[in-house]
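Residues per chain are reported as follows:
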Amino acid sequence: MKNAIDIRRMEGLKGLKEFVQFRYDMYRDCPWAVPFLYSEEINTLSSDKNAAFECCEADYFMAYRDGKPVGRVAAIINHRANERWQRKQVRFGWLDFVDDMEVSKALMECVERWGRERGMKEMVGPLGFTDMDREGLLIEGFEEDATMYINYNYPYYQQHLESLAGFEKDNDYMEYKVKVPEVVPDKFHKIGEMITKRYNLHVKKFTRKELLEGGKGHEIFDIINITYNDLYGYSQLSDRQINQLVNDYIKIADLNLVTGIEDWNTPDHKLVGFGITFPSFTAALRKTRDGRLLPFGWWHLLRTLKWHKTKVVDLLLIGVLPEYRQKGANSLIFDDLIQWFQRYHFEYAEAMQQMETNEGVRSQWQYLESRIHRKHRCYRKKL
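This report concerns the structure included in the present document. (Residues numbered from 1 in each chain as written. Predicted model: local features only at pLDDT ≥ 70, side-chain atom pairs only at ≥ 80, totals over all residues. Heavy atoms only, no water.)

## Some details on the overall build of the protein chain
Helix and strand counts for the protein chain come out as 14 helices and 13 strands. Over its C-alpha trace the protein chain gives a radius of gyration of 21 Å, about what one expects of a compact globule, namely 21 Å for 383 residues. The dimensions of the protein chain, computed from C-alpha atoms along their principal axes, are 75 × 45 × 40 Å. Out of the 383 residues belonging to the protein chain, those deemed buried represent 57%. A separation of at least 24 residues holds for 78% of the contacts in the protein chain among residues at least 6 apart in sequence. About 17,500 Å² of surface is accessible on the protein chain, with carbon and sulfur atoms providing 49% of the total. Looking at the protein chain, you have 56 positive and 57 negative side-chain charges, and the mean spots of the two groups are 1 Å apart. (Helix = DSSP H or I, 4+ residues; strand = E, 2+ residues; numbered from the N terminus. Rg over C-alpha atoms; globule rule 2.2 N^0.38 Å. Buried < 20%, exposed > 50% of the residue type's maximum accessible area, 1.4 Å probe, protein only. Contact = heavy atoms within 4.5 Å. Areas by Shrake-Rupley, 256 points an atom, 1.4 Å probe, with all protein chains shown as cover. Lys, Arg positive; Asp, Glu negative; His and termini not counted. Charge placed at Lys NZ, Arg CZ, Asp CG, Glu CD.)

Next up, the structure:
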């Protein structure tokens, strides 16, 4: 007879490190998973490092059997999102467990109790603190290379969640693998030229100083707040959160792979759209010791970031103000980025998660050789 599951709240830096380490141990021998960057995981989950804690609260729990760790989960409340959507939701994220129904059941019941104690009426996930975190449970594409920006999990996770009483589908995300064309499609190139002439919209390539000191980095995330405002579970990014994102990502980006669109009809050349892409770190992270930069992990990431030692580029964020979508600003973004992808000899692009109901975004891939190669799902349960 199996001993009972022991659920413990992880406290302090020691507890947090054990919580983070569990996933590396579970997926070390999985050929499709990728180790997330260790320092980034620690910082994201630390209330004194992550600006999202100005609107969120969270606790982290691990399941043990016979003293051995067998599962983990984060319980999160994003008060800003709950206020925006008029919900009382507790989120579950950072969910991992061995193939044992008693373990997954105990973890979900733990989050449920935690949420009820705080007056929550629904349980949703997997979700992070904000939309900038990984979202969804992988339900298709288990034999596709993962990336550092998405959740990877074993197939049995879905079976466990859907076997537990009360859980139902809340939202699905699609992810596309897109072949970088040898020639920029006419849809993007010719239409891009026409758009520039007709609407006076122009591609903008940034300097580091413009992004970090001139306010352009902040403008990019202001556009995200506008364009993502009505998307599933979104909560507005505060100035502090934006400053942290600019510092964490824009500061190290290859600016050839960041494209803005400006409206030159406005006196200040208003920024109306952008695309942020990064070379894929999947292969580099697999050469690290559990996602750690030391002793030599930094070198593998540097080779990818600076010298593009990868065949894949990740399309992280693309946003265009609503009034400029019909003017074809997206075509200008892709026209410019594809040319840089070609120069860097990228062969494929990973399009990050898109809601299955977002036909406008999903339809843009029809002009390129592409396929849906992964699906993620968020679940909901009434408490």
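## Here's the deal with the pairing of strand β7 (residues 168-179)
Of the strand pairs in this sheet, β7 and strand β13 (residues 370-382) are connected by 10 bridges, and their pairing is antiparallel. Each residue of the ladder has a partner; that of K169, found in β13, is Y379. With 6 bridges joining them, β7 and strand β12 (residues 348-355) adopt antiparallel strand pairing. Its bridge partner being in β12, Y173 is matched across the sheet by M355. (Pairing = 2+ DSSP bridges.)

## Notes on helix α4 (residues 101-117)
Given a rise of 1.5 Å per residue, 17 residues ought to cover 24 Å, and the 24 Å separating the end C-alpha atoms of α4 matches this to within 8%. Listed as buried for α4 are V103, S104, A106, L107, M108, C110, V111, E112, W114 and G115. Two or three places before E102, at the opening of α4, D100 has a side-chain oxygen 2.9 Å from that residue's backbone nitrogen. G119 sits one or two positions beyond α4 and adopts a positive phi of about 80°. (Expected span 1.5 Å × (residues − 1). Polar contact = N/O pair within 3.5 Å; in protein donor to acceptor, adjacent residues only side chain to side chain.)

## Quick look at unusual backbone geometry
For the peptide bond that leads from G125 to P126, omega is 0°, which places it in the cis range. Along the chain, P126 turns up in the loop between β5 (122-125) and β6 (137-140). Of note in this structure, D66 is not a glycine but carries a positive phi near 55°. Along the polypeptide, D66 turns up in the loop between β2 (56-65) and β3 (68-78). A relative accessible area of 58% means that D66 is categorised as exposed. Positive phi values are uncommon outside glycine, yet D290 reaches one of about 55°. Relative to the helices and strands, D290 resides in the loop between α10 (282-286) and α11 (297-307). Residue class for D290 comes out buried when judged on its relative accessible area of 14%.

## Re α11
Listed as buried for α11 are G297, H300, L301, T304 and L305. Looking down the long axis of α11, one finds its buried residues gathered within 125° of arc, a one-sided arrangement. For α11, the secondary structure elements touched by its buried residues are β10 (270-279) and α10. The positive-phi residue at the C-terminal boundary of α11 is H308, with phi of around 55°. (Arc of directions from axis to C-beta.)

## Topic: the state of the cysteines
Taken as a whole and judged by the stated rule, the model has 0 disulfides. We note that C56 lacks a disulfide partner, and the nearest cysteine sulfur, in C55, lies 3.9 Å from it. What makes C56 buried here is its relative accessible area of 7%. No disulfide involves C378; its nearest neighbouring cysteine sulfur is the one of C56, lying 15 Å away. (Disulfide = S-S within 2.5 Å.)

## Quick notes on the nonpolar core
In this structure, Y60, F92, M108, F129 and F221 are the most contacted members of the largest nonpolar core, which totals 119 residues. The biggest single contributor to this core is helix α13 (residues 329-343), with 8 residues. Non-local contacts of F129, meaning those with residues more than four positions away in its chain, are made with T44, L45, N50, A52, F53, C56, A58, Y60, I76, N78, R91 and W94. V124, L127, Y173 and M355 belong to the second-largest nonpolar core, a separate cluster that totals 6 residues. (Core = buried A, V, L, I, M, F, W, Y, C linked by side-chain atoms within 4.5 Å.)

## Quick look at the pattern of salt bridges
The full count for this structure, using the stated rule, is 36 salt bridges. Among the ionic pairs, R72 bridges to D96, the shortest N-O distance being 3.0 Å. With R72 in strand β3 and D96 in strand β4 (residues 89-97), this pair connects stretches of sequence that are 24 residues apart. As far as the burial class goes, R72 and D96 line up, both buried. Between E140 and K375 there is a salt bridge; the shortest N-O distance is 3.8 Å. Of this pair, E140 sits in strand β6 while K375 sits in strand β13, and the two are 235 residues apart along the sequence. Relative accessible area serves as the criterion here: at 39%, E140 is assigned to the partly exposed category. In this structure, a network of salt bridges that share partners links the residues R9, E11, E57, D59, E117 and R118. (Salt bridge = Lys/Arg side-chain N within 4 Å of Asp/Glu carboxyl O.)

## Focus on the packing of helix α6 (residues 186-199) against α13
One can describe the packing of α6 onto α13 by two numbers: an axis separation of 8 Å at closest approach and a directional angle of 125°. Relative to α13, α6 is oriented oblique. Crossing geometry of α6 relative to α13 is assigned as left-handed. Contacts from K187, F188, H189, I191, G192, I195 and T196 of α6 reach α13 at A329, S331, L332, F334, D335, I338 and Q339. Looking at the contact of α6 with α13 residue by residue, the classes come out as 7 nonpolar, 5 polar and 2 charged. (Axes fitted to C-alpha atoms, helices over the stretch in contact; angles between N-to-C directions. Parallel < 35°, antiparallel > 145°, perpendicular 65-115°, else oblique. Left-handed = near helix turned anticlockwise from the far one by under 90°. Nonpolar A, V, L, I, M, F, W, Y, C, P; charged D, E, K, R; others polar.)

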